[in-house]
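Residue strings, one per chain:
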Amino acid sequence: MSVPPSFLSQAQHLLSSAQKIVVTNHLNPDGDAMGSALAAAALLRHQGKEATVIVPNRYAANLHWIKGNEEVIRFEESPEKARAILREAQLTLHLDYNALYRSGPLEEDLQKLEVPRIVIDHHRQPEHFAEALYSDHEMSSTCEMVYHWALAMGWERYLDRDIGEALYAGIATDTGNFRFSSTRPKTHQAVAHLLTVGVRPHVVASRIYDSNRPERFKLLGRALDNMRLLENRHAVILYLSEKDLMEIPFEKGDTEGFVNYGLSLAGIELSAFCYPWEGRVKMSFRSKSDFDVNQFARQNFQGGGHFNAAGGISDLSLDETVEKAAGLDAPGTIHAVPTDLTAPN
Ligand code: 5GP
Ligand code: MN
């Protein structure tokens, strides 16, 4: 679906009467959240708007190269600075999330703010908390949606290398580098266009993927070693324990993507990764085929996300969480007749 005309006219109307705009995204912002926020803010500044990016909390260092990063306000670290900007805001633009609670520590302040909201997002089951909502779960990423929005708004001439690379970063990371089923012809067409404005895929890839700390390797080694393989259920659980995180200094972003390693095992259709985080257990889920991890995370782990990529939280201990996850219905439990696990498809 291209940008719905009703969204476009409503967004245009709201933008025309707002000068000070806050651009925001979800807790633990990822490449898509940061790429879309920084690209959207830059596009709005080209329209003469005062756009400020306020994010709930810290994000991984391998996203700090995105143009505009220095001006990002992290609410958790500078709540008063963020509140001063929010007080002046005439419009908020919410990117890459479908429910206000996903903004974490920002939720209360955003809730109280009496200004119109615009949402652009590709998660399923959006809550209706905005005056203008552009929601499409078939889109690869919010960055792809911001690209389509920019074209629909007549902003094509502002798509330069910096904005393009911000958008490319989100599209590339949210599609698992163009491997997930969310990668559509339109996705590649958008990327092809971004390449013509100067985007350098090798530079972006290197900045995102070749900046690992040695600790990440050690953590990955532990997580892989801790593998709980549920072969006949076509599922695997990877985890890091409290002890692992005490022994190996951990930084935000170090575990990004660990969950994907589970899916690279032959025959595995569901991969879970969990680790202790702020007194709870943070969980990530990825699936192949027709196993819906959005539903799985919603039903069992207070979470959600996409059909094949979701996250959640557990209030049990790590061991109990792993046990719980290991006992739930998995792809192998559901398919009565197992498929040939080694056959190429
Ligand atoms: P990740 O596993 O990379 O943290 O998240 C995968 C997807 O699930 C992302 O699209 C993210 O927005 C969503 N997600 C992650 N954690 C949560 C959560 O706790 N609640 C909900 N509703 N979605 C989540
Ligand atoms: Mn996204």
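Figured I'd write up the structure that's included with this text. (Residues numbered from 1 in each chain as written. Chains lettered and ligands numbered in written order. Predicted model: local features only at pLDDT ≥ 70, side-chain atom pairs only at ≥ 80, totals over all residues. Heavy atoms only, no water.)

1. Brief notes about the site of ligand 1
Phase 1: Within the structure, ligand 1 sits among 14 residues, and Tyr 101, Arg 102, His 123, Ser 284 and Arg 286 are positioned closest to it.
Phase 2: Within the side chain of Tyr 101, one N or O atom sits 2.8 Å away from a nitrogen atom of ligand 1.
Phase 3: Of all elements in the fold, only β10 (280-287), β11 (304-305) and β12 (309-314) reach the threshold of two or more residues within the shell around ligand 1.
Phase 4: Per-element tally for the shell around ligand 1: the top contributor is β12, with four residues. (Near = heavy atom within 4 Å. Polar contact = N/O pair within 3.5 Å; in protein donor to acceptor, adjacent residues only side chain to side chain. Helix = DSSP H or I, 4+ residues; strand = E, 2+ residues; numbered from the N terminus.)

2. Description of the coordination of the manganese ion (ligand 2)
Phase 1: Looking at the metal site, the manganese ion (ligand 2) is ligated by Asp 32 (OD), Asp 96 (OD), His 122 (NE2) and Asp 174 (OD), spaced 2.2 to 2.3 Å from it.
Phase 2: Donor residues for the manganese ion (ligand 2), ordered by position in the chain, follow D-x63-D-x25-H-x51-D. You can see Asp 96 sitting in the loop between β4 (91-95) and α4 (107-112) and its partner Asp 174 sitting in helix α6 (residues 161-174), a full 78 residues away along the chain. Across this residue pair, the class does not change: Asp 96 and Asp 174 are buried. (Donors = N, O, S within 2.8 Å, 3.2 Å for Na, K, Ca; no water. Buried < 20%, exposed > 50% of the residue type's maximum accessible area, 1.4 Å probe, protein only.)

3. A closer look at helix α13 (residues 318-327)
Phase 1: For α13, every residue scored as buried is listed here: Leu 318, Thr 321, Val 322, Ala 325 and Ala 326. Viewed end-on, α13 has its buried residues packed into an arc of 130°, placing them on one side of the element. Those residues of α13 that are exposed and angled more than 90 degrees off the buried face are Asp 319 and Gly 327.
Phase 2: Contacts from the buried residues of α13 go to β7 (228-230), β8 (235-239), β9 (270-277), β10 and β12. (Arc of directions from axis to C-beta. Contact = heavy atoms within 4.5 Å.)

4. Focus on a nonpolar patch on the surface
Phase 1: On the surface, Met 227, Leu 229 and Leu 265 cluster together into a nonpolar patch covering about 220 Å² of accessible area.
Phase 2: Inspection of the secondary structure puts Leu 265 in the loop between α11 (258-263) and β9.
Phase 3: The partly exposed category is assigned to Leu 265, whose relative accessible area is 31%. (Patch = residues over 30% accessible without salt bridge, like charges linked within 9 Å, V, L, I, M, F, W, Y side chains within 5 Å. Areas by Shrake-Rupley, 256 points an atom, 1.4 Å probe, with all protein chains shown as cover. Salt bridge = Lys/Arg side-chain N within 4 Å of Asp/Glu carboxyl O.)

5. Structural notes on the environment of Val 293
Phase 1: By the element assignment, Val 293 lies in helix α12 (residues 293-300).
Phase 2: Taking the relative accessible area as the measure of exposure, Val 293 reaches 0% and is therefore buried.
Phase 3: Spatially, the C-alpha atom of Val 293 lies 24 Å from that of Met 34, the residues being 259 residues apart in sequence.
Phase 4: Once residues within four sequence positions are removed from consideration, Val 293 is found in contact with Leu 270, Phe 285, Arg 286, Ser 287, His 306, Phe 307, Asn 308, Ala 309 and Ala 310.

6. Digging into the packing of aromatic side chains
Phase 1: Evaluated as defined, the whole model comprises twelve aromatic pairs.
Phase 2: Between Trp 149 and Trp 155 the ring centres are 5.1 Å apart and the planes differ by 70°, which places this aromatic pair in the edge-to-face class. In this pair, the class of Trp 149 matches that of Trp 155, namely buried.
Phase 3: Taken together, Phe 7, Tyr 134, Trp 149 and Trp 155 form an aromatic cluster joined through their ring pairs.
Phase 4: Over the ring of Phe 301 we find Lys 324; its NZ or CZ atom is 4.7 Å from the centre of that ring. (Phe/Tyr/Trp six-rings, centres within 6.5 Å; stacked < 30°, edge-to-face > 60°. Lys NZ or Arg CZ within 6 Å of the ring centre and 35° of its normal.)

7. A look at the sheet that holds strand β5 (residues 117-121)
Phase 1: Pairing in this open sheet of six strands is parallel, and the strands run β3-β2-β1-β4-β5-β6 from one edge to the other. The open sheet terminates on both sides in strands that have one partner only, identified here as β3 (73-74) and β6 (132-135).
Phase 2: Where β5 lies against β6, four bridges are found, and the strand directions are parallel. Bridged to Val 119 within β6 is Leu 133. (Pairing = 2+ DSSP bridges.)

8. Remarks on the environment of Val 115
Phase 1: Counting through the fold element by element, Val 115 comes out in the loop between α4 and β5.
Phase 2: Counting along the chain gives 32 residues from Val 115 to Tyr 147, while the straight-line C-alpha distance between them is 25 Å.
Phase 3: With residues up to four places along the chain from it excluded, the contact list for Val 115 reads Ala 89, Gln 90, Leu 91 and Thr 92.

9. Quick word on the packing of helix α2 (residues 31-46) against helix α5 (residues 142-152)
Phase 1: Two elements in contact, α2 and α5, have axes whose closest approach is 8 Å; the angle formed by their N-to-C orientations is 20°. Taken together, the axes of α2 and α5 are roughly parallel relative to one another. The hand of the α2/α5 crossing is left-handed. Side by side, α2 and α5 meet where Asp 32, Gly 35, Ser 36, Ala 40 and Leu 43 of the first sit next to Thr 142, Cys 143, Val 146 and Ala 150 of the second.
Phase 2: Residues of the contact of α2 with α5, tallied by class, amount to five nonpolar, three polar and one charged. (Axes fitted to C-alpha atoms, helices over the stretch in contact; angles between N-to-C directions. Parallel < 35°, antiparallel > 145°, perpendicular 65-115°, else oblique. Left-handed = near helix turned anticlockwise from the far one by under 90°. Nonpolar A, V, L, I, M, F, W, Y, C, P; charged D, E, K, R; others polar.)

10. Structural notes on the sheet that holds β12
Phase 1: With respect to topology, six strands assemble into an open sheet ordered β7-β8-β9-β10-β12-β11, the strand pairing being mixed. Both outer strands of the open sheet, β7 and β11, are each paired with one neighbouring strand and no more.
Phase 2: In this sheet, β10 lies alongside β9 in antiparallel orientation, the contact comprising eight bridges. Counted as the bridge partner of Tyr 275 is Lys 282 from β10.

11. Describing the nonpolar core
The tendency in soluble globular proteins is for nonpolar side chains to be buried side by side.
Phase 1: Grouped together as the largest cluster of nonpolar side chains are 56 residues, with contacts concentrated most on Val 23 and Trp 149.
Phase 2: At nine residues, the largest contribution of residues to this core is made by α2.
Phase 3: Here Trp 149 is in contact with Val 3, Phe 7, Leu 8, Ala 11, Leu 15, Leu 93, Ile 120 and Trp 155, once residues within four sequence places are set aside.
Phase 4: In terms of nonpolar packing, the next biggest core, distinct from the first, is built from 21 residues, Ala 235, Phe 296, Ala 326 and Leu 328 among them. (Core = buried A, V, L, I, M, F, W, Y, C linked by side-chain atoms within 4.5 Å.)

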